[in-house]
Each structure stands twice: as C-alpha cells, then as structure tokens.
Amino acid sequence: IAAEGHGGSTVRAGVAALPSLAMTDQTVPDELLGCWQRRWIEFADGNRDDTSFVVWLQLPSLMADVRLSGPALGLAGRRSIAELSNDELLLLADSDSSSGATTCTPVLVGANGVSHATAEWAGIVSFQPISAYPEPGLLEWIGDGTVLVERAPSGAYVEEWHLLPGSRGPLVHTVLADGSEWYRAGDVGVLVRDRRSALPDVARLADIDDRATLETAVDCEFSFAHRIDGSWMIAASTLPWRVGAVV
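Position numbers for residues count from 1 along each chain, tracking the sequence in the order it is written. Residues qualify for local features only when their pLDDT is at least 70, as the model is predicted, and side-chain atom pairs are given and counted only at 80 or more; totals for whole chains, interfaces and linings, by contrast, use all residues. Each side-chain value is worked out from all heavy atoms of the structure, with water and hydrogens disregarded.

Another point: unusual backbone geometry. In this structure, P170 follows G169 across a cis peptide bond, with omega equal to 5°. Mapped onto the secondary structure, P170 falls in the loop between β10 (157–163) and β11 (171–175). Phi at D229 takes a positive value of approximately 50°, unusual for a residue other than glycine. A run of DSSP states H or I qualifies as a helix once it reaches four residues; a run of E qualifies as a strand once it reaches two. Both are numbered from the N-terminal end. Residue position: D229 is located in the loop between β14 (221–228) and β15 (231–237).

The next subject is the pattern of salt bridges. By convention in these notes, a salt bridge is any Lys or Arg side-chain nitrogen within 4 Å of a carboxyl oxygen on Asp or Glu. In the structure shown here, the tally under the stated rule is 14 salt bridges. Between R79 and E83 there is a salt bridge whose closest N-O contact spans 2.7 Å. Judged by its relative accessible area of 68%, R79 falls in the exposed class. Only protein chains enter the calculation, and the probe is 1.4 Å; a residue is then buried if its accessible area is under 20% of its type maximum, exposed if over 50%, and partly exposed in between. Take E83: its relative accessible area is 33%, and that puts it in the partly exposed class. In this structure, the salt-bridge partner of R151 is E140, at a minimum N-O distance of 3.4 Å. One end of the pair, R151, is in strand β9 (residues 147–151); the other, E140, is in strand β8 (residues 137–142), with eleven residues separating them in the sequence.

Once that is clear, we can look at the packing of aromatic side chains. For this analysis, a ring pair means two rings from Phe, Tyr or Trp (six-membered ring only for Trp) whose centres lie within 6.5 Å, classed as stacked if their planes differ by under 30 degrees, edge-to-face if by over 60, and tilted for the remaining angles. Under the definition given, this model contains four aromatic pairs. When the centroid spacing of 5.5 Å and the interplanar angle of 55° are considered together, the rings of F53 and F224 count as tilted. Highlighted residues: F53 in strand β3 (residues 53–58) and F224 in strand β14, separated in sequence by 171 residues. For the residue pair F53 and F224, the accessibility class agrees, reading buried in each case. Aromatic side chains W56 and W121 sit 5.7 Å apart centroid to centroid with 70° between the ring planes, which places their arrangement in the edge-to-face category. Of this pair, W56 sits in strand β3 while W121 sits in strand β7 (residues 115–126), and the two are 65 residues apart along the sequence.

This next bit is on the sheet that holds strand β12 (residues 181–185). Here, a strand pair is defined by DSSP locating no fewer than two bridges between the strands. Strand order in this open sheet of five strands is β11-β12-β13-β14-β15, and the pairing throughout is antiparallel. Lying at the two open borders of the sheet, with one neighbouring strand each, are β11 and β15. Across the sheet, the mean angle from the axis of one strand to that of its neighbour is 25°, orientation sign disregarded. Direction of pairing for β14 relative to β15: antiparallel, over a ladder of six bridges. In the sheet register, I228 faces β15, and the bridge partner there is S231. Helix axes use the C-alpha atoms of the stretch in contact, all axes being lines fitted to C-alpha atoms, and the angles between their N-to-C directions lie in the range 0 to 180 degrees.

Another point: the side chain of S223. The residue S223 is located in strand β14 in this model. Pairing of N or O atoms within 3.5 Å defines a polar contact, subject to two protein rules: one partner must be a possible hydrogen donor and the other a possible acceptor, and residues neighboring in sequence count only if both atoms are side-chain atoms. At 2.7 Å, the side chain of S223 and the side chain of S237 are in polar contact. Look past the residues within four positions of S223 in its chain and what remains in contact with it is V66, G189, V190, L191, I234, A236, S237 and R242. Here a residue-residue contact requires only that any non-hydrogen atoms of the pair lie within 4.5 Å.

On to the pairing of β3, then. Consecutive side chains of a regular strand alternate in pointing toward one face of the sheet and then the other. In terms of burial, β3 is largely enclosed, as six of its six residues are buried. Here strand β1 (residues 34–43) pairs with β3 via four bridges, running antiparallel. Bridge assignment links C35 to a residue of β3, and that residue is L57. As paired elements, β3 and strand β4 (residues 62–68) share six bridges and run antiparallel to each other. Following the sheet pairing, V54 is matched in β4 by R67. The loop that links β3 with its antiparallel partner β4 comprises three residues.

What follows is the structure in structure tokens.
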C-alpha cells in the first residue's frame, strides 16, 4: 500500500449475521472512531491479562482487531511456519483476531456524568471458528474520551482501552487486488487476509490434532502496521514472519 488513503478476549464472528451496509453507512458514534489499544482485561475469576497485544480499529461501521498473547509476540523473527515447534504453532493458534461490522447505540450521558453506549458485532473474517464471548459490550468513556472501559453484561470480563494518538482519521477501508482488506485509521492500519481453505469442525484451532491441518488453519493474516516515513511497516501479526515487512 503506497502512502495515501471488543469485547473481551472475544471473536466477533458469529455474534450476528453481517448487516447489509453501504460503505457510507455509519453505525457507530464518532466517539468510537479510531484505533484503540487494550491496556488490560480482567475476568470474572479475578485473572488479569496486561501482557497481550490487542488493538481494535474502528471505522464508521467496519472494524478489525488484532489479538496476540505475550508468548505469541515472542515468535517475531521466525522466518516461516516450518520453523515453529508444535508448541509454538499452538501459540499462534490461540489468537482471537477478527474483522466485521459494529453497531452501537447513541452515546448517552448518565446521572453520574459518564458517557455510555452499547455495542454489538457481526463477523466477516474470524481467526477462530466459534466466538468465545458472544455478548454485546457495555461501553463507558472516561475523562476526555480517549479512555474506554468495556464490560460484558454477564460480568465475564472488564477491559480498558486507550485511543492511539493520530488514529481518528483518515478512516479508510480498501479491498486489495489479492482479496485481502486494508483498514486504516490515521497513522495505523490493519491488514486482513482470510485463510484459503475451510476450517475443520472444531471450536478452537488448538483442538486440531494434525499438524498439516493446523498449519493450513492458522494461515490467516491479521497484521497491525504503523506508517513510518511514508511506508506502512508491520509491527505485530498472526503470521510472525510478516513483522517488519512493508504492506
């Protein structure tokens, strides 16, 4: 690409059927636009994760998120899937990255002065076969609106997101010649390429017990990139050998 123009540990796919949307439709409030990086998530059992890399890039309707555990981030530098041990391959198989569309209620200000809304997601491309937490997200904006707290209605998780500076715009979605999709929010972007074959009938990719089948299943790209000196450089990816590549 030339220089131009969600809840919890969840998979957005399967939450609902993807609505028919024109590219000009806006289904989220302006307050939600941009790219949000998660600082932490806390689960109902008290466990807390503040080491995973998670970004949620939100356009006027479409969204993409990249979700990588701390150990999976440590695989950057591998040159191909063949270099991964079976245990390392399972680390890749644990990603919950996804793309889709977001619908969100208007932002209301409560009696406590806190702005809040409820968001739901429908999937387009999903790294995992089945959603981990198929719930709406209860959103609250804190302070100047650059900090967002998301809660599951069931109480399954609470997470805190921070808006990345320079990500409010331009907001761009492009389908590339090879069928992959580019989501841009200002100086950051997410590249999404679906896998080329159907998934086996499993709930999670880690349930696949055949290495060749698992290698095919994890060949699904969600790459987060920064714009640096007019080029888009991949900083994190579900395919670790893509880190450092130019989009």
